[in-house]
Amino acid sequence: MDETQAVAGPDGLLRCPWGVKPEDYREYHDAEWGRPLRGDDALFERLCLEAFQSGLSWLTILRRREGFREAFAGFVIEKVAAFTEEDAARLLEDPRIIRNRLKIQATLSNARVLADWAGGELTELIWSFAPDPAGRPAPKAHGDIPATTPESTALSKELRRRGLRFVGPTTAYALMQACGLVNDHLADCHARPFGR
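Residues numbered from 1 in each chain as written. Predicted model: local features only at pLDDT ≥ 70, side-chain atom pairs only at ≥ 80, totals over all residues. Heavy atoms only, no water.

As for the packing of aromatic side chains
Stated formally: Side-chain rings of Phe, Tyr and Trp (the six-membered ring for Trp) are treated as a pair once their centres are within 6.5 Å; stacked means planes under 30 degrees apart, edge-to-face means over 60, and tilted covers the remaining angles. Secondary structure counts use DSSP, requiring at least four H or I residues in a row for a helix and at least two E residues in a row for a strand, with both numbered from the N terminus. The buried label goes to any residue with under 20% of its type's maximum accessible area, the exposed label to any with over 50%, and the partly exposed label to all in between, with areas taken from a 1.4 Å probe on protein chains only.
Following the criterion strictly, the structure yields ten aromatic pairs and no others. For the ring pair Trp18 and Tyr28, a centre distance of 6.3 Å and an interplane angle of 50° mean the geometry is tilted. Taken together, the residues span a long stretch of sequence, with Trp18 in the loop between strand E2 (14-15) and helix H1 (23-31) and Tyr28 in helix H1 at a distance of ten residues. On the accessibility criterion, Trp18 (25% relative accessible area) is partly exposed. Here Phe72 and Phe83 contribute two aromatic rings whose centre-to-centre distance is 6.4 Å and whose plane-to-plane angle is 10°, an arrangement assigned as stacked. With a gap of eleven residues between them, Phe72 in the loop between helix H3 (58-71) and helix H4 (77-81) and Phe83 in the loop between H4 and helix H5 (85-92) connect regions that are remote in the sequence. Phe72 gets classed as buried once you look at its relative accessible area, which sits at 0%.

Set out below in structure tokens:
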């Protein structure tokens, strides 16, 4: 079997190979990944989690997501922006999250930057970088999916210009995939029609 093409899961539905198992991946793949997501706090959460994932498996993040949500006040931008040095120290001791000092500091810094933006501005900015879906053929195999695109590079550059950290082109593209700005479900994947 070619693990780079859509694979049947235990229920017989074809999925992107990474979304077949374990069940955590299957649930995330089927219900969330690639589905259009809007809302500043929701996008801030995904942006943060993508940054924390850098260098790690996404499964590690998925299994700690509830811990992250509790530790970071539900990723409500205004609440996270108000975190103090004591909160940062608390986060470094919290085993429910990834205790990386630089990523924690970036999350708090990013929240402070975003708290000064008008409501909806993050959503509008991120979605302004969504490529035209008509110009993107459905990938047939995993190898057809890039790690970065001109759009993710431009999004990364703009986010960094505005003062955000841990938002490189690869992280920006992962965000675009996760939040449905691009639909990288494989052509034969049952979830593809639910994407953009």
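Things to note about the environment of Val167
So the rule is basically this: When checking whether two residues touch, look at their non-hydrogen atoms; a contact exists if any pair is within 4.5 Å.
Along the polypeptide, Val167 turns up in the loop between helix H8 (150-161) and helix H9 (169-178). Placed 57 residues apart in sequence, Val167 and Asn110 show a C-alpha to C-alpha distance of 10.0 Å. With residues up to four places along the chain from it excluded, the contact list for Val167 reads Leu47, Ser156, Leu159 and Arg160.

Side note on the pattern of salt bridges
Test applied: Salt bridges are defined by distance alone: a side-chain nitrogen of Lys or Arg within 4 Å of a carboxyl oxygen of Asp or Glu.
Counted by the stated rule, this structure contains 14 salt bridges. We note a salt bridge from Glu66 to Arg69, for which the minimum N-O separation is 2.8 Å. Residue Glu66 and its partner Arg69 are both found in helix H3; the two are separated by three residues, about one turn of the helix. A relative accessible area of 46% places Glu66 in the partly exposed class. On the basis of relative accessibility, which here comes to 28%, the residue Arg69 falls in the partly exposed class. Beyond isolated ion pairs, a larger network of salt bridges with shared partners links Glu121, Glu158, Arg161 and Arg162.

So, the UniProt feature "binding site: Zn(2+)" (unreviewed entry) in the chain
Stated precisely, the cut-off is as follows: UniProt positions are given in the numbering used here, feature names are shortened, and annotations may be inferred rather than shown by experiment. Any pair of N or O atoms that falls within 3.5 Å is considered a polar contact. Within protein, one atom must be able to donate a hydrogen and the other to accept it, and sequence-neighbouring residues count only if both atoms are side-chain atoms.
Under the UniProt annotation, the feature "binding site: Zn(2+)" (unreviewed entry) is placed at Cys16, His29, His185 and Cys189. These annotated residues cover 174 residues of sequence, and their C-alpha atoms all fall within 10.2 Å of one another, placing them together at a single site. If you trace the backbone, Cys16 turns up in the loop between E2 and H1. With relative accessibility at 2%, the residue Cys16 sits in the buried group. Discounting residues that sit within four places of it in the chain, Cys16 has contacts with His29, Asp184, His185, Leu186 and Cys189. Take His29: it is sitting in helix H1. Of the residues examined, His29 reaches a relative accessible area of 0% and is grouped as buried. Every residue in contact with His29, bar those within four places of it in the chain, is listed here: Arg15, Cys16, Trp18, Gly19, His185, Cys189 and Ala191. Separated by 2.8 Å, the side chains of His29 and Asp30 make a polar contact.

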